[in-house]
Structures are given as structure tokens and as C-alpha cells.
Amino acid sequence: MVKAQSPVAPVGAAGVTPINIARRTDSDIYRRSLSMLPAFAVLWAGIAWLSGFYELAPYITRMAMIGFCVISIAQLGFAAVQARLYDMSAMTWRFFFYTLMFANAAIWSALFTACFFEQTFDVIFLPMTLATAGLAGAWLSHCAPSRWVAQSYVSVLLLPAVFACFTSKEHISLGLAVLVYWFYCLMILQRFHFEYSSGFTKDSSFEQEHTELQRQNRTDGLTKVFNRRYFDEALMREWQQGAEEGTWLALLFIDIDFFKKINDTYGHMAGDECLMQAAAIINGAVQSGNDIVARYGGEEFAVLLPRTTPDMAKRIAESIRKQFELKDFCFDERCIKITASIGVSAMVPRVASPATQLIDQADQGVYLAKEAGRNNVQLFGAV
């Protein structure tokens with residue numbers, strides 16, 4: 001059997017998976033239903049052959065079996081592509097998944113309904129009734145994440161027989177019995193759905209707490225950009241990927257000029273406010289969702305730019321420098337001017353070379369920028 005994968009929720013920036021209720025519901029119904037893929041074909045084969053129905057109605061037996069097998073094969077094909085299909089279009093995914101799922105129910109319902117009217121079906125009346133009750137109960141549990149899906153599925157299985165029975169006086173009592181069971185199924189569904197919803201709420205709460213912990217572990221508490229720890233992890237990851245792909249990797253080191261003087265003159269609260277405003281400027285200047293902005297330490301920020309050439313990195317750095325130069329940094333109804341010295345380094349990573357080489361060169365760029373009078377950009381190393 002093809003190994004099926006549940007629809008996987010998308011991963012946001014910083015590697016945190018957002019909670020998506022619709023996608024989670026689709027995923028859970030799909031995962032729960034996997035065990036039922038061959039159920040209809042297997043049950044029908046067992047009932048038809050063991051009861052001798054195949055000998056009485058070979059054509060009906062074969063046609064129903066072919067229908068169940070074709071749907072099962074289609075479901076296996078769907079399993080092979082469903083994860084990619086969901087990423088392309090959730091609506092298309094739902095159309096194919098639920099069409100195949102309800103097709104089985106429709107064929108089975110037609111066979112079950114025939115048991116009440118066709119004399120040929122008398123030999124399978126009892127096993128078909130028991131099997132239908134079992135299928136309805138099983139699918140209630142599998143489809144519990146969505147009440148409308150579960151209600152619709154059980155209705156497709158049972159209600160056609162009810163309506164057909166009500167057209168004949170001699171079958172009204174049987175129709176009422178099936179109708180009562182249908183109502184019973186809907187009552188049981190409420191319990192199944194409540195149990196699922198309660199578990200989902202607990203899972204969602206846990207995911208939110210876990211997401212918040214991840215965010216706290218990766219984010220600088222003051223500036224809300226990534227912290228040094230996450231930057232180090234991202235650098236190693238991007239260095240390895242750049243080495244494999246042979247693509248440029250650039251790094252900016254941004255050092256706020258005379259920051260100690262700001263703290264000494266206006267106080268640390270003013271310094272913190274300036275750092276937060278500086279982080280907002282830098283964060284707003286990155287071009288891609290793959291760029292990493294981090295507080296490297298103290299008044300120094302790092303910007304990691306995957307697939308960025310030296311010229312492109314220098315242009316980004318110059319844009320950041322100009323924004324620093326033009327902005328009024330305000331706190332406590334007072335505004336001051338702040339500038340930044342920026343070192344730029346870019347290279348095509350090599351597996352044999354350490355990633356710290358990129359850091360050393362960007363640091364040298366900051367040193368050159370300060371030597372040149374501060375408030376400027378210096379590119380050091382482009383290999």
C-alpha cells in the first residue's frame with residue numbers, strides 16, 4: 001500500500017507551525033479514515049461469497065466488487081499525491097477526498113436498500129444489516145472531527161433504505177427501525193464530536209504554549225528580533241545549504257555609533273528605546289522572508305542574507321545606514337540623531353571552511369567603517 005501522509009500545516013517564519021482548524025480537521029478525518037480504505041471491498045467479498053449470493057446474482061456481485069475496487073485504487077492514488085494537492089488547493093483536495101469517500105457509501109447504500117425489496121438479496125439481508133450498522137458506527141468515529149461530514153455520511157448509508165421502506169406498507173416497520181438507528185447514530189455523534197473537540201482544544205492550547213516557548217527561546221526580549229542563539233543556528237544552516245547549492249551568503253554587522261554615550265547621557269531606558277527603534281528600521285529593510293535579523297549583542301545587530309551577492313548586500317546596508325541617518329530617535333519627548341557603522345561580508349560557502357569566517361570578515365568591515373569616521377558602509381571580503 002502507498003504510504004499516506006496527512007496534510008501538513010505550513011511552517012511560518014522562525015519555524016513555528018500556526019494552528020489552522022480547517023486543515024487540522026481535514027488532516028484528522030483523512031488520517032482516521034485510512035484504516036477503512038479496503039473495508040467495503042473486503043466486507044462485500046466476504047458477504048457475497050460466504051452467503052452464496054455470488055451464485056444467485058453473479059452480475060450484481062461482480063459490478064459492486066469492481067466499483068469498490070476501482071474506488072480503493074483511486075484512493076491509493078490519491079494518497080500518493082494528496083499532500084502536494086492540499087498545498088496547491090484545499091478545495092480541490094476536499095472535492096476528491098470526499099467524492100471517493102462518499103462513492104463507497106453510495107454503492108453500499110444501494111446494495112443495502114435492495115435487501116428490503118429484492119428476493120435475491122434475502123440471503124444477505126442479515127449480514128448486510130449488521131455490516132451496515134457496523135460501518136455507520138465506525139465512520140461516526142472516523143468523521144467525528146466534522147459533524148456535517150459524519151452526519152452526511154451516515155445519512156447516505158441509511159436514509160435511502162428508510163425512504164424506500166416508507167414507499168411500501170409492508171416495509172414501514174423496517175424503515176422505522178433503520179430511522180431509529182439513524183437518530184441513535186446522530187446522538188452518538190454528539191459524544192464523539194465532543195470528545196474530539198475537547199482533545200483538540202487541549203492540543204491547541206499545548207501548541208500555543210509550545211509556540212510561545214519557541215518564540216521566547218529564539219527572540220530577543222527587548223527588540224523582538226531573533227537572538228544570538230537563533231542567529232548561530234541559522235548561520236550554520238544557511239552555510240551548509242549555500243555550500244550544497246553553490247550560492248552566495250552575505251552578512252551585515254550593524255553597530256550603533258557612540259551608543260555608550262547615549263546610555264551615559266540619557267540613561268539606559270533611553271538606550272533601550274533607541275535599540276527597539278533601530279531593530280524596527282533593520283527589520284523593515286530586509287528583502288526576503290529568508291533573511292534573518294538578530295540582535296548579536298549589546299548595540300550590535302546582524303543581518304544574514306541568503307542568496308545575496310556582495311553588491312546587493314552593500315545596497316541593503318547603505319539603505320539601512322541612510323534610514324538611521326534620516327530618522328529622529330525619540331524618547332521621553334526628546335529626539336536625537338543616531339548613526340550606524342556597517343560591515344558587509346559575502347562569500348560562497350565551502351564545506352571545508354568554517355562559517356565563522358563570514359562573521360570575522362563582517363566584523364572587520366565594522367572596524368574599517370569606524371576607522372573611516374563611522375556612519376558608513378564597508379565591504380570586507382567577497383569570495
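This structure is a prediction, so every number in the text was calculated from the model and none was measured. (Residues numbered from 1 in each chain as written. Predicted model: local features only at pLDDT ≥ 70, side-chain atom pairs only at ≥ 80, totals over all residues. Heavy atoms only, no water.)

1. Let's talk about helix H6 (residues 125–142)
In this model, H6 (18 residues) spans 25 Å end to end at C-alpha, consistent with the 26 Å of a helix rising 1.5 Å per residue. Turning to H6, its buried residues number three or more, namely Met-128, Ala-131, Thr-132, Leu-135, Ala-136, Trp-139, Leu-140 and His-142. (Helix = DSSP H or I, 4+ residues; strand = E, 2+ residues; numbered from the N terminus. Expected span 1.5 Å × (residues − 1). Buried < 20%, exposed > 50% of the residue type's maximum accessible area, 1.4 Å probe, protein only.)

2. What to know about the pairing of strand S5 (residues 334–337)
As paired strands, strand S4 (residues 328–331) and S5 are joined by four bridges and run antiparallel to one another. Bridge pairing in S5 places Cys-330 opposite Cys-335. Between S4 and S5, which follow one another and run antiparallel, lie two residues, and Asp-332 among them has a positive phi close to 50 degrees. (Pairing = 2+ DSSP bridges.)

3. Re unusual backbone geometry
Even without a glycine there, the phi angle at Glu-333 is positive, about 60 degrees. Among the structural elements, Glu-333 can be located in the loop between S4 and S5. Phi at Asn-375 is positive, roughly 55 degrees, even though this residue is not glycine. Mapped onto the elements of the fold, Asn-375 is located in the loop between helix H13 (356–371) and strand S7 (377–382).

4. Concerning the nonpolar core
Core analysis: the largest hydrophobic core is formed by 60 residues, its most contacted members being Trp-44, Met-101, Trp-108 and Met-128. Elements that contribute at least two residues to this core include exactly helix H1 (21–33), helix H2 (39–51), helix H4 (58–88), helix H5 (90–114), H6, helix H7 (147–165) and helix H8 (172–218). Per-element accounting of this core gives the leading share, 11 residues, to H5. If sequence neighbours within four positions are ignored, Trp-44 has contacts with Phe-53, Ile-60, Thr-61, Ala-64, Met-65, Phe-68, Trp-108, Leu-111, Ile-124 and Met-128. Counting residues in each nonpolar core, the second largest holds 33 residues, with Ile-254, Ile-256, Ile-316 and Ile-336 among its members. (Core = buried A, V, L, I, M, F, W, Y, C linked by side-chain atoms within 4.5 Å. Contact = heavy atoms within 4.5 Å.)

5. Notes on the packing of aromatic side chains
Evaluated as defined, the whole model comprises 27 aromatic pairs. Taking the centre distance of 6.2 Å and the plane angle of 65 degrees together, the rings of Tyr-30 and Phe-78 count as edge-to-face. Remark: Phe-78 occurs in helix H4 and Tyr-30 occurs in helix H1; sequence separation between them is 48 residues. Residues Tyr-30 and Phe-78 agree in their burial class; the two are buried. Lying across the ring of Phe-329, Lys-327 places its NZ or CZ 5.7 Å from the centre. A cation over a ring is seen here: Arg-374 above Phe-258, with NZ or CZ 4.5 Å from the ring centre. (Phe/Tyr/Trp six-rings, centres within 6.5 Å; stacked < 30°, edge-to-face > 60°. Lys NZ or Arg CZ within 6 Å of the ring centre and 35° of its normal.)

6. As for the pairing of strand S1 (residues 249–256)
Along S1, eight of the eight residues are buried, which leaves the element largely enclosed by surrounding structure. Residues of S1 alternate between two faces, with Leu-249, Leu-251, Phe-253 and Asp-255 on one and Ala-250, Leu-252, Ile-254 and Ile-256 on the opposite face, all of them buried. The pairing of S1 with strand S3 (residues 300–306) spans seven bridges and is classified as antiparallel. Note on S3: the bridge partner recorded for Leu-249 is Pro-306.

7. Structural notes on the side chain of His-142
Within the fold, His-142 resides in helix H6. A distance of 3.2 Å separates a polar atom in the side chain of His-142 from the backbone oxygen of Arg-32. Not counting the four nearest positions on each side in its chain, His-142 is found in contact with Ile-29, Arg-32, Ser-35 and Met-36. (Polar contact = N/O pair within 3.5 Å; in protein donor to acceptor, adjacent residues only side chain to side chain.)

8. Re the state of the cysteines
The tally for this structure, following the rule as stated, stands at one disulfide. Here Cys-330 is linked by a disulfide to Cys-335, with a sulfur-sulfur distance of 1.9 Å. Because the sign of the S-S torsion sets the handedness, a value of about 100 degrees for the bond joining Cys-330 and Cys-335 places this disulfide among the right-handed ones. According to the relative accessible area criterion, Cys-330 is partly exposed, its value standing at 32%. When its relative accessible area of 45% is taken as the criterion, Cys-335 is described as partly exposed. (Disulfide = S-S within 2.5 Å.)

9. Quick look at the side chain of Asn-376
Along the chain, Asn-376 falls in the loop between H13 and S7. For Asn-376, a relative accessible area of 15% puts it in the buried group. Among residues more than four places away in sequence, those in contact with Asn-376 are Arg-321, Ala-340, Ser-341, Ile-342 and Ala-369.

10. Points about the environment of Phe-331
Here Phe-331 is to be found in strand S4. Residue Phe-331 is classed as buried on the basis of its relative accessible area of 8%. Considering only alpha carbons, one finds Phe-331 and Met-269, 62 residues apart in sequence, at a separation of 8.8 Å. Excluding anything up to four places from it in sequence, Phe-331 contacts Tyr-266, Ala-270, Glu-273, Cys-274 and Ile-336.

11. Description of the confidence of the model for the protein
Of all residues in the protein, 89% have pLDDT values of 70 or greater, and the mean over the chain is 86. Counting interchain partners and residues more than four positions distant, the pLDDT-below-50 stretch residues 1–19 has 44 contacts. (pLDDT = per-residue confidence, 0-100.)

12. Examining the pattern of salt bridges
Opposite charge on two side chains allows them to pair when their charged atoms are near. For the structure shown, the criterion picks out 13 salt bridges. Notably, a salt bridge pairs Arg-307 with Glu-245, separated by 3.2 Å at the nearest N-O pair. Of this pair, Arg-307 sits in the loop between S3 and helix H12 (310–326) while Glu-245 is found in helix H9 (residues 228–245), placing the two residues 62 residues apart along the sequence. Judged by relative accessible area, Arg-307 falls into the partly exposed class, the value being 40%. Accessibility expressed as a relative area gives 42% for Glu-245, which makes it partly exposed. (Salt bridge = Lys/Arg side-chain N within 4 Å of Asp/Glu carboxyl O.)

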